[in-house]
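Structure assessment
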Amino acid sequence: MKKYECTVCGYIYEEEKGCPDQGIAPGTKWEDVPDDFTCPECGAGKDMFEPVQ
């Protein structure tokens with residue numbers, strides 16, 4: 001599973017873990033995360049995340 005990093009604060013979204021605090025279940029692929037998702041650390045939008053190599 002892939003990981004995506006917030007380019008503003010460095011928070012890592014891990015598809016394997018999801019983001020239960022925002023109602024995103026573990027195993028949720030990034031493309032299935034709602035477009036209105038915001039970083040739980042800094043509030044940046046989904047468009048501010050980039051894939052982690």
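So, here is what we can say about the structure in this document. (Residues numbered from 1 in each chain as written. Predicted model: local features only at pLDDT ≥ 70, side-chain atom pairs only at ≥ 80, totals over all residues. Heavy atoms only, no water.)

**A short note on the overall build of the protein chain**
For the record, the criterion: Helical segments are the DSSP runs of H or I of at least four residues, strand segments are the runs of E of at least two, and each set is numbered from the N terminus. Throughout, the radius of gyration refers to the C-alpha atoms, and the reference size of a globule is 2.2 Å times the residue count to the power 0.38. Note on definitions: a residue-residue contact is assigned when non-hydrogen atoms from the two residues lie within 4.5 Å. Here, Shrake-Rupley sampling with a 1.4 Å probe gives the accessible areas, and only protein chains in the shown set may cover a residue.
Looking only at helices and strands, one finds zero helices and three strands in the protein chain. Written out in order from the N terminus, the α and β elements of the protein chain read β-β-β. Computed over its C-alpha atoms, the radius of gyration of the protein chain comes to 10 Å, within 12% of the 10 Å expected for a compact globule of 53 residues. Along the three orthogonal principal directions, the C-alpha set of the protein chain runs to about 25 × 25 × 15 Å. Taking the intrachain contacts of the protein chain between residues at least 6 apart in sequence as the baseline, contacts between residues at least 24 apart amount to 38%. Surface exposure of the protein chain reaches about 3,500 Å², of which carbon and sulfur atoms provide 45%.

**What to know about the nonpolar core**
Put simply, the rule is: What is meant by a nonpolar core is a set of buried Ala, Val, Leu, Ile, Met, Phe, Trp, Tyr and Cys residues, joined one to another through side-chain atoms within 4.5 Å. Each residue is placed in one exposure class: buried if its accessible area under a 1.4 Å probe, protein chains only, is under 20% of its type's maximum, exposed if it is over 50%, and partly exposed if it falls in between.
Ranked by size, the top nonpolar core spans 12 residues in total: Tyr4, Cys6, Tyr11, Tyr13, Cys19, Ile24, Trp30, Val33, Phe37, Cys39, Ala44 and Phe49. Contact partners of phenylalanine 37, with chain neighbours within four places excluded, come to Tyr13, Cys19, Gln22, Ile24, Trp30, Ala44, Gly45, Lys46 and Phe49.

**Quick word on the packing of aromatic side chains**
Two descriptors summarise a pair of aromatic rings, namely the distance from one centre to the other and the angle between the planes of the rings. Applied cut-off: A pair of Phe, Tyr and Trp rings is counted when the ring centres sit within 6.5 Å of each other, with Trp represented by its six-membered ring. The angle between the planes then sorts it: under 30 degrees is stacked, over 60 is edge-to-face, the rest tilted.
Applying the stated criterion across every chain yields a total of seven aromatic pairs. Ring plane angle 70 degrees and centroid distance 6.0 Å describe the contact between tyrosine 13 and phenylalanine 37, whose orientation is recorded as edge-to-face. Linking tyrosine 13 in strand β2 (residues 12–14) with phenylalanine 37 in the loop between β2 and β3 (49–51), this pair joins segments that are 24 residues apart in sequence. A single burial state applies to tyrosine 13 and to phenylalanine 37, both of which are buried. With a centroid separation of 5.7 Å and 85 degrees between ring planes, the pair formed by tryptophan 30 and phenylalanine 37 is classed as edge-to-face. We classify tryptophan 30 as buried; its relative accessible area is 10%. Take phenylalanine 37: its relative accessible area is 3%, and that puts it in the buried class. Linked through ring pairs, Tyr4, Tyr11, Tyr13, Trp30, Phe37 and Phe49 together constitute an aromatic cluster.

**Quick notes on the side chain of glutamate 15**
To keep it simple, the criterion reads: Working convention for charge: Lys and Arg count positive, Asp and Glu count negative, and His plus the chain ends are omitted. Salt bridge criterion: a side-chain nitrogen from Lys or Arg within 4 Å of a carboxyl oxygen from Asp or Glu.
Among the secondary structure elements, glutamate 15 is positioned in the loop between β2 and β3. As a buried residue without a salt bridge, glutamate 15 has its nearest oppositely charged side chain in lysine 29, at a separation of 4.5 Å. Dropping the residues within four chain positions of it, glutamate 15 is found in contact with Met1, Lys2, Tyr4, Pro26, Gly27, Thr28, Lys29, Trp30 and Glu31.

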